[in-house]
Amino acid sequence: MSHKRIPKRKAAFAAGTVVALGAAAILLPNANASQDGSSNDAAAVAPKPLKATDASDLASQLQKLLGDAFAGSYYDADSRQLVVNVTAGNTSVVVQAKQAGAKVRVVDNSLTELAAGAKTLKDRATIPGTSWAVDPRTNKILVTADSTVTGAKWNTLESTVKSLGSDMATIKKSAGTFKTFVSGGDAIFGGGARCSLGFNVTAGDGSPAFLTAGHCGVAAEQWSDSETGQPIATVDQATFPGNGDFALVKYDDPATQAPSEVNVGGGQTVAIQQAADAEVGSQVFRMGSTTGLADGQVLALDATVNYPEGTVTGLIQTNVCAEPGDSGGSLFTQDGSAIGLTSGGSGDCTVGGETFFQPVTTALQAVGATLGAGDAAGGAGGDQAGGGEAGAGAGDEAGVGQEAGAGGDASASPGDEAGAGQEVGGEQAGGDVIGGQDTGNGQDAGNGQDAGNGQDAGNGTGDAGQSHN
């Protein structure tokens, strides 16, 4: 497979080019002491406005600082503030959290108590079609049941939730069905299934690889960039079900150049600068081979989902839509941080629903990989998406804005936009615009555009697996 370099354009988020997020300056205790020197005067310290990624970093620091008093946190996008929950009875931790720049809220349930409640649900109500996660905004466990949970199963779930108490857990019904988002079609193909490439990485042995969903990795050992093409990558590790939903897939050609980027459609790409943890309340963007680009908000962390195939733990819960074929696709932030890999959920991009994602940070740690490779932005390896000829996907820069994901041929959706948002600078789907293009679905989301299809998506889709997830 050739590795041809061609020019590429970088997508701009909001009104400019993506700016690399440097090491956030986290202000720890005493950094914001009042001007009169009375650092103990918590009321004199106002919460700091923060970017979502900086808020996530601060939350991690405060969790270590506050210890058992820390009861979760979330990002208030309207005020651009980090809200930190602390348990009652410890005035000093309140002062510390406020001095660090966070807004502090005293709550009743500690993380230990919430974890005990989740264990009760696991022991008594592990029923296919259910999920639960801690919602820091309510300081409760949010339990969700899909449309298959009826009769005796619903009664068991409802009675278990009631036994925890209304101050500990709430329950709601979902109109859809919890399932993994695998389908047959385009993007990356294996064993009759279609998935999406998440992010390109460098494996522990230095070879080029990509991350995708674990349920894709266990469905087939070899993956191609077209439905009838030859395999271009082989599964190295896969976890599903169990403690996550992720797979490391190594490119068969060790010369494959796989840039750390996400193709957001219209020949536009976004450099992925780093992996980051999700923060409840923050805005995130998802790219998938079926629905293209969509956005939404993180609702909860450390979610447990009981799929028909088994229970998966440690996921991110969001209200971002997804559909079959989007599995494994990239979840990222506006400033270019890799957040998650699409796992599954309920609903679709017409009626909405819940979607769960595998955290990228834990997947990287588990498989011993790092983001990017080579010399391109974000540590990626060059301009080639995966290593193929230019062309496929989205006009001149499919795949990752420069080469149809994985070296596709100019045949794949030549000329139309890959990913989502076929009109860069176009309309505002879903209410948000990323780089001026749609963040909704009507944009040729990966679908009609043959994102990943002829273009060797998934292969080097070098585009951090993006658009053709």
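Since we're looking at a predicted model, the values are computed, not measured.

What counts and what doesn't
- Residues numbered from 1 in each chain as written.
- Predicted model: local features only at pLDDT ≥ 70, side-chain atom pairs only at ≥ 80, totals over all residues.
- Heavy atoms only, no water.
- pLDDT = per-residue confidence, 0-100.
- Contact = heavy atoms within 4.5 Å.
- Core = buried A, V, L, I, M, F, W, Y, C linked by side-chain atoms within 4.5 Å.
- Buried < 20%, exposed > 50% of the residue type's maximum accessible area, 1.4 Å probe, protein only.
- Helix = DSSP H or I, 4+ residues; strand = E, 2+ residues; numbered from the N terminus.
- Disulfide = S-S within 2.5 Å.
- Axes fitted to C-alpha atoms, helices over the stretch in contact; angles between N-to-C directions.
- Parallel < 35°, antiparallel > 145°, perpendicular 65-115°, else oblique.
- Left-handed = near helix turned anticlockwise from the far one by under 90°.
- Nonpolar A, V, L, I, M, F, W, Y, C, P; charged D, E, K, R; others polar.

Section: the confidence of the model for the protein
Okay, so step 1: Taken as a whole, the protein shows an average pLDDT of 74; of its residues, 68% reach a score of 70 or greater.
Okay, so step 2: Note on residues 1-44: pLDDT under 50 across the span, and 116 contacts to partners over four residues away in sequence or across chains.
Okay, so step 3: Below a pLDDT of 50 lies the segment residues 435-469, which in the model reaches 251 contacts outside its immediate sequence neighbourhood of four places, other chains included.

Re the nonpolar core
Okay, so step 1: Counting 23 residues, the largest nonpolar core has F199, V201, L211, L248 and F332 as the members making the most contacts within it.
Okay, so step 2: Counting residues per element, the ones that place at least two in this core are β12 (199-202), β13 (208-212), β16 (246-251), β17 (261-265), β20 (283-288), β24 (337-345) and α6 (360-367).
Okay, so step 3: Counting 18 residues, the second-largest nonpolar core is a separate cluster that includes A59, L66, L82 and V104.

Remarks on the state of the cysteines
Okay, so step 1: Considering all chains together, one arrives at two disulfides under this definition.
Okay, so step 2: Put simply, C321 and C349 are joined by a disulfide, and their sulfur atoms are 2.0 Å apart. Sign of the S-S torsion, about 90° for the bond between C321 and C349, identifies this disulfide as right-handed. Of the two residues, C321 sits in the loop between β22 (310-318) and β23 (330-332) while C349 sits in the loop between β24 and β25 (355-359), which places them 28 residues apart along the sequence. One exposure class covers both C321 and C349, and it is buried.
Okay, so step 3: Taking only the cysteines that form disulfides and numbering them from first to last, the protein has the pattern 1-2, 3-4.

Details of the packing of helix α1 (residues 52-66) against helix α2 (residues 91-99)
Between two packed helices, both the angle of their axes relative to each other and the distance between the axes serve to describe the pair.
Okay, so step 1: α2 packs onto α1 with a crossing angle of 155° between their chain directions and a minimal axis gap of 11 Å. Accordingly, the angle class assigned to the pair α1 and α2 is roughly antiparallel. The element α1 and its partner α2 pack so that their crossing is right-handed. Here L62, L65 and L66 of α1 lie close against α2, whose contacting residues are V93, Q96 and A97.
Okay, so step 2: Per-class residue counts for the contact of α1 with α2 are five nonpolar, one polar and no charged.

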